[in-house]
Every structure is written in C-alpha cells, then in structure tokens.
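# Topology and contacts: notes
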Amino acid sequence: MSRSVAPRPAPSKLAARGRGPHIQPVTNTIQLTDAAAKRVAAIAARQSKAPILRLSVDGGGCAGFSYKFELGEVADDDAVAETAGVRLVVDPMSLDLVQGSAVDFVEDLGGSAFKVTNPNAASGCGCGSSFSV
C-alpha cells in the first residue's frame, strides 16, 4: 500500500531570502528586527512612553493599503512579538494582511524609516509605505 503525502506549502518570500542575523524570529506570526527594536526604544525613551510599537494597516495609499506605525498600548486581542524588551503589537484585522512579516528600521541616502517585509504583498509602491494583496 502506498500513502499519499500532502504537498508542503511554499516558503514565504522572507524565508526564501533567508533570515539574516539581524532578524530575530520571536513568533511565527510577525517579527521585529534588532535595528527596529533599538529605534523604537530610543523614540519611546525620548517621549517617556513604553517601548511598544503598534503596526496597523489602513485602506488607502497608492497601492491599496498603507502601513501605520505609532507608539501604543497592548490590547487583549493583539498579536505580540518581542525583541530586546521592545514589543510589536498588531490588531487581529491588520494581522491577516501582515502575518509572516518582519518589521525593520533602515537608514540609507534617502532617509530612515520602518520597513515591513511582507510575504503577503502582491505589489507595493516606490515609497514602501503602501501595498496590495
């Protein structure tokens, strides 16, 4: 008798690229890099707030959805990832669109910003702040 084996799901785009040493997998739902955690900690300290970064997704932007970042609190139904004592929280509605993502903080000649590497995004815009699924 032969057994049928279900095919394995394709790895996410993030997994295909490999998780460099700067990405700390804290949950399989969403990740916060060391660079992003350090930046959130610095911003929170300057504003005398808790180091909690809230990521949410709003409708709009040039590609259909846009990422929104703010310092916030943890709600009961939030997904929470933690790196170096800094928490990244995502509400359930937004989590459906960013599950499996990594949040990083990048600095280059164009400036500095939080960047979401989202394996669910079918396309994005040039500024990196909006996407479509």
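Secondary structure assignment for the chain yields three helices and nine strands. Moving toward the C terminus, one meets the helices and strands of the chain in the order α-β-α-β-β-β-β-α-β-β-β-β. Taken over 133 residues, the chain has a buried fraction of 38%. Taking as baseline every contact in the chain between residues at least 6 positions apart, the subset at least 24 positions apart corresponds to 52%. Carbon and sulfur atoms form 52% of the exposed surface of the chain, whose accessible area is close to 8,000 Å².

This part covers the pattern of salt bridges. Oppositely charged side chains are able to pair whenever their charged atoms sit close together. Tallied over the entire structure, the rule returns one salt bridge. The closest approach of N and O atoms between Arg54 and Asp78, which form a salt bridge, is 2.5 Å. You can see Arg54 sitting in strand β2 (residues 52-59) and its partner Asp78 sitting in the loop between β3 (65-71) and β4 (79-83), a full 24 residues away along the chain. A single burial state applies to Arg54 and to Asp78, both of which are buried.

Attention now goes to the confidence of the model for the chain. Residues at a pLDDT of 70 or more form 68% of the chain, whose mean pLDDT is 77. Predicted confidence is poor over residues 1-27, with pLDDT under 50, and the contacts of this stretch with residues over four places away or in other chains come to 30 contacts.

Before going further, it helps to examine the environment of Phe69. With respect to the element layout, Phe69 can be found in strand β3. When the C-alpha positions of Phe69 and Leu55 are compared, they lie 4.9 Å apart, and in sequence the two are 14 residues distant. With sequence-adjacent residues up to four places away left out, Phe69 is seen in contact with Leu53, Arg54, Leu55, Val103, Phe114 and Val116.

As a further point, take the pairing of strand β7 (residues 111-117). In summary, the side chains of a regular strand alternate between the two faces of the sheet. Judged from the seven bridges that link them, strand β6 (residues 101-108) and β7 form a sheet pairing that is antiparallel. Bridge pairing in β7 links Glu107 to Ser112. A loop of two residues connects β6 with β7, the two strands running antiparallel in sequence.

Sheet architecture is open: three strands sit in the order β1-β6-β7, paired in mixed fashion. The open sheet is flanked by β1 (30-32) and β7, the only strands paired with a single partner. This sheet shows a mean twist of 25 degrees between the axes of neighbouring strands, independent of strand direction. Of the pairings in the sheet, the one linking β1 to β6 comprises three bridges and is parallel in character. Following the sheet pairing, Ile30 is matched in β6 by Ser101. Against the sheet, helix α2 (residues 34-46) engages β1, β6 and β7, with an angle of about 75 degrees to β6.

So, about the side chain of Asn118. Structurally, the position occupied by Asn118 is in the loop between β7 and β8 (123-124). Within the structure, the side chain of Asn118 is placed 3.2 Å from the side chain of Tyr67, a separation counted as a polar contact. A polar contact of 3.3 Å, which involves the side chain of Asn118, links it to the side chain of Ser101.

What follows deals with α2. Its 13 residues give α2 an end-to-end C-alpha distance of 18 Å, which sits within 8% of 18 Å, the value for a rise of 1.5 Å per residue. Where α2 ends, the next residue or the one after it, Ser48, has phi of about 55 degrees, a positive value.

Attention shifts here to the nonpolar core. Judged by nonpolar contacts, the single largest core of 22 residues is most densely connected at Ile30, Leu32, Leu55, Leu88, Val98, Val103 and Phe114. Counting residues per element, the ones that place at least two in this core are β1, α2, β2, β4, β5 (86-90), α3 (92-98), β6 and β7. Residues within four places of Val98 in sequence aside, it is in contact with Thr29, Ile30, Leu55, Val57, Tyr67, Val90, Asn118 and Asn120.

Conventions used here
- Residues numbered from 1 in each chain as written.
- Predicted model: local features only at pLDDT ≥ 70, side-chain atom pairs only at ≥ 80, totals over all residues.
- Heavy atoms only, no water.
- Helix = DSSP H or I, 4+ residues; strand = E, 2+ residues; numbered from the N terminus.
- Buried < 20%, exposed > 50% of the residue type's maximum accessible area, 1.4 Å probe, protein only.
- Contact = heavy atoms within 4.5 Å.
- Areas by Shrake-Rupley, 256 points an atom, 1.4 Å probe, with all protein chains shown as cover.
- Salt bridge = Lys/Arg side-chain N within 4 Å of Asp/Glu carboxyl O.
- pLDDT = per-residue confidence, 0-100.
- Pairing = 2+ DSSP bridges.
- Axes fitted to C-alpha atoms, helices over the stretch in contact; angles between N-to-C directions.
- Polar contact = N/O pair within 3.5 Å; in protein donor to acceptor, adjacent residues only side chain to side chain.
- Expected span 1.5 Å × (residues − 1).
- Core = buried A, V, L, I, M, F, W, Y, C linked by side-chain atoms within 4.5 Å.

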